[in-house]
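One letter stands for each residue in the lines below.
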Amino acid sequence: MSTPENYSLAKSLSLDPQCDQILASLSEPEAEALLWSWRFNARPAQILPGTEGAAIQIADWVFWLVLAGRGFGKTRTGAETVREWAANPNERILMIAPTADDVRSVMLEGPSGLLNCYPSGSKPQYNPSRHLVEFPSGAIGITRSAEEPARLRGPQFTKFWADELCAWNYPQDAWDQIMFGFRLKTPNLQGVITTTPKPLPVLKALMADSSTVLTRGSSYDNRDNLSEVFYQKVIKPYEGTRLGRQELNAELLEDIQGALWTRKLIDAARIKRSDIRWELIVRIVVAIDPAVSTTDESDETGIGVAMLARSGHVIVLDDLTCRESPGEWAKIAIAAYKARRADRIIGEVNNGGNLVEANLRAAKDGDKVAFRAVHASRGKFVRAEPVAALYERGMVHHVDSGLEKLEDQMCSYVPGVSRKSPDRLDWLVWAVTDLVIDPEIMTMQTQIGEMIQISPI
Ligand SMILES: Nc1ncnc2c1ncn2[C@@H]1O[C@H](COP(=O)(O)OP(=O)(O)OP(=O)(O)O)[C@@H](O)[C@H]1O
Ligand SMILES: [Mg+2]
């Protein structure tokens, strides 16, 4: 949270009643210099530990681990730290991002990237094909992608910046390569690691290392500098979720013992929305799990879209779960049916009779949708288990955004222990069951498999 002790000098000045006079007294070059001064703009948690103004006043560290939520300013902190180090002509700084694309479009050229930390006219020279940055002082930057751990071993360096360590493909491998010989060299070796956490052994070891200084921070610490779009698109979906404790508050979450799904399981098969090959999709369903009562505040109507690809794999596309009146959720489901050109809407009938269908038919264009009622004759666990098994076989793929709350429910649902029935999980189980597990559909899928060459998506 933003409190005076973690304000930047810029923010403290802006709250000073004399602010306008102070600013007016500055010459143009002085004002320009302030604008580009990291020490003036950084919050104490973003300043190199052991130096003036830093939140951490320990100087003899080797690793500075900045473990913070989305949008905290991790990348900017890493980039500005590199900029400070690079004032010394003798430094050779290794910079590692999760992918080659991240190296260029986030670390170097992104809005919080290194090149944007310098005013025009004094920017370092970046040579992407040589993976090289030449700083005005004479210091050298070497860029690497964590995708190729073997390539991390070669370069000699004096400092390093590792961005999003927990998002690297082979974090332990890549880390070991960076560490190879690291401590044997000069005593002023230091590295800054900026990342949101995941419960990975490499991160836990780094946190436990006696030469690590740790900065923790939340997304809200940087609220002043985040655009409304970033806030709505990135921060908002996590609010109130278990995953939000990790992604926004940087807590290290362990998987829940006994849960049917784990983050690792879901992440392992994740795909980008932009990588979906729509021509290979053979069936799309919208599934609905209605709230039992609209007055119960905690009850949501689970609505979502999932699709079957020719290969028999499932793609989970949209979670549209809402807390709305029957008229409103019917509109949402029909809109999704149309927008996604779905084959049908499926809805549960048990204690509410055929409420879902009646409700859909009453809505505008509801008479035009294809509908199938499904019956919860078997217990939730019995229905959820084969769906979880499909995930374990790598057959179900989540897209990379918009499913945070659904995944949260999936990873905290412990059969026989969880009391409340999770509404989002319910629509998902219905949808996947309809697409691949239901015997009627299984037959259809086999026929499709016979007719068409099966290829993995
Ligand atoms: N102290 C600061 N003063 C002004 N702007 C800042 C400060 N810290 C960060 N920012 C800006 O806030 C925005 C988000 O910062 P940044 O991209 O570094 O966050 P992040 O934690 O790396 O986010 P993500 O989780 O998306 O990787 C950027 O525009 C960055 O320049
Ligand atoms: Mg970042």
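What you are looking at is a predicted structure, and each value in this text was computed from that prediction instead of being measured.

K.L.:
Just to check I follow, could you spell out the site of ligand 1 for this structure?
P.N.:
For ligand 1, the set of nearby residues contains 18 residues, the closest of which are Gln46, Arg70, Lys74, Arg76 and Ser112. Between Asn41 and ligand 1, the recorded distance is 3.0 Å, taken from a backbone N or O atom to a nitrogen atom. Take Thr75: an N or O atom from its side chain is 2.9 Å from an oxygen atom of ligand 1. Counting only elements with at least two residues in the shell around ligand 1, the list comes to helix H4 (38-41) and helix H5 (74-85). With 3 residues, H5 is the single largest residue contributor to the shell around ligand 1. When grouped by side-chain class, the residues that make up the shell around ligand 1 number 5 nonpolar, 9 polar and 4 charged.

K.L.:
Is there a simple way to explain the pairing of strand E1 (residues 63-68) in this structure?
P.N.:
Sheet faces and side chains relate simply in a regular strand, where the side chains alternate between the two faces. Counting buried residues in E1 gives 6 out of 6 residues, a clear majority hidden from the surface. Residues Phe63, Leu65 and Leu67 line one face of E1 and the alternating positions Trp64, Val66 and Ala68 line the opposite face, and both faces are buried. Sheet analysis places E1 next to strand E7 (residues 190-195), joined by 5 bridges and oriented parallel. Looking at E7, one finds that Val66 is bridged to Thr194. Relative to strand E8 (residues 212-217), E1 runs parallel, the two being bridged by 6 bridges. Along E8, the bridge assignment pairs Ala68 with Gly217.

What counts as what
- Residues numbered from 1 in each chain as written.
- Chains lettered and ligands numbered in written order.
- Predicted model: local features only at pLDDT ≥ 70, side-chain atom pairs only at ≥ 80, totals over all residues.
- Heavy atoms only, no water.
- Near = heavy atom within 4 Å.
- Polar contact = N/O pair within 3.5 Å; in protein donor to acceptor, adjacent residues only side chain to side chain.
- Helix = DSSP H or I, 4+ residues; strand = E, 2+ residues; numbered from the N terminus.
- Nonpolar A, V, L, I, M, F, W, Y, C, P; charged D, E, K, R; others polar.
- Buried < 20%, exposed > 50% of the residue type's maximum accessible area, 1.4 Å probe, protein only.
- Pairing = 2+ DSSP bridges.

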